[in-house]
Amino acid sequence: MADDTAPEPTQPKAVEGTDSPTTPTEGAAEVATPEATPSEEAVVEEPGVPAAELPPAPAEATPEETTEVEVTDQPPAAETAPEPPPSSETDESAEAADDQLARPSVGERPAITAPRDIGDVADDLSAEDFAAVIERTVFEFKEGDIVGGTVVRVDPDEVLVDIGYKAEGVIPAHELSIRNHINPDEVVKQGEAIEALVLQMEDDQGRLVLSKKRAQYERAWGRIETIMNEGGTVSGPVIEVVKGGLIVDIGLRGFLPASLVDLRRVRDLAPFIGETIEAKVIELDKNRNNVVLSRRAHLEEAQAEQRQAFLSDLEPGDVRDGVVSSVVNFGAFVDLGGMDGLVHVSELSWQHVSHPSEIVTVGDKVQVRVLEVDRNRERISLSIRQTREDPWEEFIRDTDLGAILDGEVTKTVPFGAFIAVGEGVEGLVHVSEIALHHVESPELELSIGQQVRVKVTEIDADRRRVSLSIKQALPEWEERSTYSQRRTPSSRPRRREFQREDEATEVPTFAADASLEAILEELKERGIGRK
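Residues numbered from 1 in each chain as written. Predicted model: local features only at pLDDT ≥ 70, side-chain atom pairs only at ≥ 80, totals over all residues. Heavy atoms only, no water.

*Asks:* Help me out: how do you make sense of the side chain of His298 in this one?
*Replies:* Its location among the elements puts His298 in helix α5 (residues 295-302). Judged by relative accessible area, His298 falls into the buried class, the value being 17%. Sequence-distant contacts of His298, that is, excluding residues within four places in its chain, are made with Thr233, Glu278, Ala279 and Lys280. (Helix = DSSP H or I, 4+ residues; strand = E, 2+ residues; numbered from the N terminus. Buried < 20%, exposed > 50% of the residue type's maximum accessible area, 1.4 Å probe, protein only. Contact = heavy atoms within 4.5 Å.)

Here you go:
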């Protein structure tokens, strides 16, 4: 065993909050220890510091202020590891995980700001008060947190921000705004209070790197998601025209398709640059960084009540003034001052229309008659031609049967030709009525656009048809008709070259006893024989 005088043992190092037991240096096992119960504790003093100079220990010493070693009868190496204290890493990890689930997202938490005022500090502080004062001055944050600060300098390529840290934070120019190629002076001003997201605690140059646009991005996502769920609207300026639509600054880059910019299709999107617009969020995907907006949905919703009121006041037969808003192949849309109605191509004019552009153009002021109102589908059918007098009714009223009219050939068909005899009124000239002579094909006698004179031979008011004749309007036809009428009253029998044998014929009779001279004289009178 050991001699009466044992060598001085080296001070064991206290391990704070670790799972491994304290291991003394060589020779410590032979040191005579004072009698102590297992519940007693020994305070280990720092080497080289007299005990009289140590500050008095508080009633409850913290792990930072004192080091405690539990003395046992057995060598520490043979002992099992002591139970970890309540503030072990396992418990801390579990508490941190629970706290992380309970905490809101980055975009919903307030910005972390450095303490500016710690209040009045007394000259003589206890250990607890001193720790509390230190706690009030601690400014802790990590990458991904949003911090608040003040702009202290604006350079062409970066902005310096004082966040109360040991060094000023740097925001590169491309991290200032979601807009491309922006001048930092247009985004922030010196002395302005801003929020920024911590990108790097320390880059290769030892700088604290921040991002203003990503802080706005985090803030915007939560706000936009809430607005979308509540059916609200977002607003922001149009910053860019891209293929297929517009980019709107709503805290992040929102895409507004061209088809959803207005109630009707907008062909030129350039005038919207710089304009602040209000739109609804119709699609949101944070993983793909995709936000789709619709201004048309907002306008339609805002005008829903106006449309219903407008439709309730609209009745079939009403005559309204409007402006042609668009022309399509099947008709034209007319703005009635709140809603658009469709004028079908068949309702544009009483005449035949090949294409609506022949009758109306965009911007024309027209008068229309309401034909039908579908309030459920919010559709209005209109007519332009019914606001004008029907040319057919006018034709019937002003034209008599047998009248001679001037007309124009509009179309030729195998059985005749159509002649326009008035606005919206066409009549048919049958192939047999084109000329006095036989006509094989109307194209041989008439051409499109040719001016002709026609005679009205028949009017069918119910079927809206009129029959015409070109040959009966000719002077030769009048002469022939007069000649025929002059010959018709004659009762003189018509000579026939051939007669049936059974037909009775008148045979001149004469007396048998008549003299030859009498017979010859009679034949002479009848023109028979030689003269």
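*Asks:* Sorry, what's going on with the environment of Ala258 here?
*Replies:* Considering the arrangement of structural elements, one finds Ala258 in the loop between β10 (253-257) and β11 (276-285). Spatially, the C-alpha atom of Ala258 lies 9.9 Å from that of Arg296, the residues being 38 residues apart in sequence. Leaving out residues up to four positions away in the same chain, Ala258 has contacts with Gly244, Gly245, Arg265 and Leu269.

*Asks:* Got a minute to help me understand the sheet that holds strand β14 (residues 331-335) in this structure?
*Replies:* Strand pairs in the sheet, formed through backbone hydrogen bonds, run parallel or antiparallel to each other. Reading around the circumference, β13-β14-β15-β17-β16 is the order of the five strands in this closed barrel, with mixed pairing throughout. Recorded for the sheet is a direction-independent mean angle of 50° between the axes of neighbouring strands. In this sheet, strand β17 (residues 379-383) lies alongside strand β15 (residues 340-344) in parallel orientation, the contact comprising two bridges. If you follow Val343 over to β17, its bridge partner there is Leu382. (Pairing = 2+ DSSP bridges. Axes fitted to C-alpha atoms, helices over the stretch in contact; angles between N-to-C directions.)

*Asks:* Even after reading the chapter, I still don't get the environment of Ser325, so can you show me in this structure?
*Replies:* Tracing the sequence through the fold places Ser325 in strand β13 (residues 319-328). Sequence separation of Ser325 and Asp340 is 15 residues, and the distance between their C-alpha atoms is 7.9 Å. Residues contacting Ser325, with those up to four places away along its chain left out, are Arg264, Phe333, Val334, Asp335, Asp340 and Val362.

*Asks:* It is not clear to me how α5 should be interpreted in this structure. Could you clarify?
*Replies:* Every α-helix carries 3.6 residues per turn, so stepping three or four residues along brings you back to the same face. Of all the residues in α5, the buried ones are Arg295, His298 and Leu299. Axial view of α5: buried residues confined to an arc of 95°, hence all on one face. Of the surrounding secondary structure, the elements contacted by the buried residues of α5 are β8 (233-242), β10, β11 and β12 (290-294). Its side-chain oxygen 3.0 Å from the backbone nitrogen of Ala297, Ser294 forms the N-cap of α5. (Arc of directions from axis to C-beta. Polar contact = N/O pair within 3.5 Å; in protein donor to acceptor, adjacent residues only side chain to side chain.)

*Asks:* What is the right way to read the pattern of salt bridges from this model?
*Replies:* Enumeration over the complete set of coordinates arrives at 17 salt bridges. A salt bridge links Arg207 to Asp203, with the nearest nitrogen and oxygen atoms 3.2 Å apart. Taking relative accessible area as the criterion, Arg207 reaches 28% and is therefore assigned partly exposed. By relative accessible area, Asp203 is classed as buried at 12%. Between Asp406 and Arg453 there is a salt bridge, with the nearest N and O atoms lying 3.0 Å from each other. Here Asp406 is found in strand β18 (residues 404-413), whereas its partner Arg453 is found in strand β21 (residues 451-460), with 47 residues between them in sequence. (Salt bridge = Lys/Arg side-chain N within 4 Å of Asp/Glu carboxyl O.)

*Asks:* Would you take a moment to explain helix α7 (residues 391-398) for this structure?
*Replies:* Every buried residue of α7 is listed here: Pro391, Trp392 and Phe395. Buried residues in α7, looked at end-on, bunch into an arc of 100°, giving them a common side. As for α7, its buried residues are in contact with β18, β19 (416-422), β20 (425-430), β21 and β22 (465-469).

*Asks:* I tried to follow the nonpolar core on my own but got confused; where do I start?
*Replies:* When a protein is soluble and globular, its nonpolar side chains tend to lie buried together. Judged by nonpolar contacts, the single largest core of 22 residues is most densely connected at Ile250, Leu256 and Leu293. Mapped by element, the contributors of at least two residues to this core are α4 (212-230), β8, β9 (245-249), β11 and β12. When residues of this core are assigned to their parent elements, the largest contribution, four residues, is made by α4. Not counting residues within four places of it along the chain, the set of residues in contact with Ile250 comprises Ala220, Arg223, Ile224, Val234, Ser235, Gly236, Val291 and Leu293. (Core = buried A, V, L, I, M, F, W, Y, C linked by side-chain atoms within 4.5 Å.)

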